[in-house]
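One letter stands for each residue in the lines below.
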Amino acid sequence: MMHLKTTLSVLAIAAVATMAQNKAYSGAELYTLDEFTYGKYEARMKMAAASGTVSSMFLYQNGSEIADGRPWVEVDIEVLGKNPGSFQSNIITGKAGAQKTSEKHHAVNPAADQAFHTYGLEWTPNYVRWTVDGVEVRKTEGGQVNDLKGTQGLRFNLWSSESAAWVGQFDESKLPLFQFINWVKAYKYTPGQGPNGSDFTLDWSDNFDNFDGSRWGKGDWTFDGNRVDLTDKNIYSRNGMLILALTRKGQENFNGQVPQDAAGDAEFNGQGQNPQSSSSVTPSSSSVASSSSVTPSSSSQFTPPSSSSEQETGILQNRAKLQNKEIRGTVNAKGARVNPNNKANYQVDFNF
């Protein structure tokens, strides 16, 4: 886990970070205790996917969701459950209630829930770059990148959005679902000083032989628009794999077989990278899945802007059409309805 222009992308940390509300389902969020300024982040993952779910990796600046004028700083990778054959990349800037977004979709083959892939995010003062299995799928320079100021933490989460138009109708018969993270690597931004002339130097890595509580935290909150409570009960390390789970409430557990990832293990140990081919990942920032399978829209059905400049900036507008009706409501900084009795420090009130 907000941007009603093209997608209700309610990510990880809650805009309204409320206590768990005893919802019928449980999800998970993993986050670094530290935040970083620039860097490269890689994760070897087999994502979860079923209609109605979101499985993600993203960078996020704590407090972005608070509507007090501070900047919003976020960079995303999201697998939307209704189409695991692609993932959504996004940059979110602006401020709470006036976010700017730039969603794009990129094909992944084999599908994200069928095989392990190495997902990468590079954040520098000049560009943000997304890679899958070492292949660049998108690079954005200038524009929103100039507004990514300060620090961001690395996060992963697995949850279920109530926006069927965005992620598909939820099918609880598919539960439990699991997102498997074989390893994570984080690199410092060191211009011209990295190996082989790169700008990145390895800072730390984690292959999850054990859970490192000095590096990672586990979410224990929920937010409006999310049908699950995020809980530490659905994050665990098994057989060298970090597992995020989406389950029914009271069934937080993993009794299955941990998948093997020999290629990923070799990659972690510096023995090469997964075999690549032009068919495995579409190496283009414009590689968008067909509209019949992925529709980047919120429950307020928007027609995507026609010009390329509008698609790149994706500026959040304050008014949207919902079944040809305008609805007034109090929403949080991520665009979800909130209880007006609890809106004091975070709410954004506008027509949506």
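Here, every reference points to the structure presented above.
Since this is a predicted model, take the numbers as computed values, not measurements.

K.L.:
Sorry, what's going on with the overall build of the chain here?
P.N.:
Across its full length, the chain carries three helices and 21 strands. For the chain, the residues scored as buried account for 57% of the 352 residues in total. Total accessible area computed for the chain in this model is approximately 14200 Å², and 44% of it derives from carbon and sulfur atoms.

K.L.:
Explain the pattern of salt bridges to me, please; I cannot follow it from the model alone.
P.N.:
Close approach of charged atoms lets side chains of opposite charge pair. Tallied over the full model, the rule gives twelve salt bridges. In this structure, Arg44 and Glu267 form a salt bridge, with 3.7 Å as the shortest nitrogen-oxygen distance. With Arg44 in strand β3 (residues 39–46) and Glu267 in helix α2 (residues 262–268), this residue pair connects regions lying 223 residues apart in the sequence. One exposure class covers both Arg44 and Glu267, and it is buried. Residues Arg215 and Asp212 are paired through a salt bridge, measuring 3.5 Å at the closest nitrogen-oxygen approach.

K.L.:
For this particular structure, what's the right way to read unusual backbone geometry?
P.N.:
Negative phi values dominate among residues other than glycine, just as trans dominates among peptide bonds. The omega torsion of the bond from Asn109 to Pro110 falls at 0°, within 30 degrees of zero and hence cis. Within the element layout of this structure, Pro110 appears in the loop between β8 (104–107) and β9 (117–123). A cis amide bond links Leu175 to the next residue, Pro176, at an omega of 0°. By the secondary structure assignment, Pro176 is in the loop between α1 (164–167) and β13 (177–189). Even without a glycine there, the phi angle at Tyr38 is positive, about 65°.

K.L.:
Is there a simple way to think about the packing of aromatic side chains in this case?
P.N.:
The geometry of an aromatic ring pair is captured by the separation of the ring centres together with the interplanar angle, meaning the angle of the planes. A full pass over the atoms with the stated rule returns 19 aromatic pairs. Between Phe58 and Tyr60 the ring centres are 6.4 Å apart and the planes differ by 75°, which places this aromatic pair in the edge-to-face class. The same class applies to Phe58 as to Tyr60, namely buried. Taken together, a centroid distance of 5.9 Å and an interplanar angle of 50° make the contact between Tyr189 and Phe200 tilted. One end of the pair, Tyr189, is in strand β13; the other, Phe200, is in strand β14 (residues 200–206), with eleven residues separating them in the sequence. When its relative accessible area of 7% is taken as the criterion, Phe200 is described as buried. Put simply, the rings of Tyr38, Trp123, Tyr189 and Phe200 touch in pairs and so form one group of aromatic residues. Across the ring face of Tyr187, the terminal group of Lys40 is positioned such that the distance to the ring centre comes to 5.1 Å. The cationic tip of Lys185 hangs over the ring face of Trp183; the distance from NZ or CZ to the ring centre is 5.2 Å.

K.L.:
Can you walk me through the pairing of strand β5 (residues 74–80) in this structure?
P.N.:
Consecutive side chains of a regular strand alternate in pointing toward one face of the sheet and then the other. Of all seven residues in β5, seven are buried; the element is thus mostly enclosed. Here β5 shows no split at all, with Glu74, Asp76, Glu78 and Leu80 on one side and Val75, Ile77 and Val79 on the other all buried. Sheet topology note: the β5/strand β6 (residues 86–95) ladder contains five bridges and is antiparallel. Looking across to β6, one finds that Asp76 is bridged to Asn90.

What counts and what doesn't
- The written sequence of each chain sets the order in which its residues are numbered from 1.
- At least 70 in pLDDT is required for a residue's local features to be given in this predicted model, at least 80 for side-chain atom pairs to be given and counted, and no such filter applies to totals for whole chains, interfaces and linings, which use all residues.
- Side-chain measures here rest on the full set of heavy atoms in the structure, leaving out hydrogens and waters.
- For the purposes of this entry, the term helix denotes a DSSP run of H or I that reaches at least four residues, the term strand denotes a run of E that reaches at least two, and both are numbered from the N terminus.
- Only protein chains enter the area calculation, which uses a 1.4 Å probe; residues under 20% of their type maximum are buried, those over 50% are exposed, and those in between are partly exposed.
- Values of accessible area rely on a 1.4 Å probe in the Shrake-Rupley scheme; residue burial ignores everything except the protein chains shown.
- What counts as a salt bridge is simple: a side-chain nitrogen of Lys or Arg found within 4 Å of a carboxyl oxygen of Asp or Glu.
- Aromatic pairing here means that ring centres of Phe, Tyr or Trp (its six-membered ring) are within 6.5 Å. Orientation follows from the plane angle: under 30 degrees is stacked, over 60 is edge-to-face, and everything else is tilted.
- Consider the ring centre and the ring normal. A charge sits over the ring if Lys NZ or Arg CZ is within 6 Å of that centre and within 35 degrees of that normal.
- By this definition, two strands are paired if DSSP reports at least two bridges between them.

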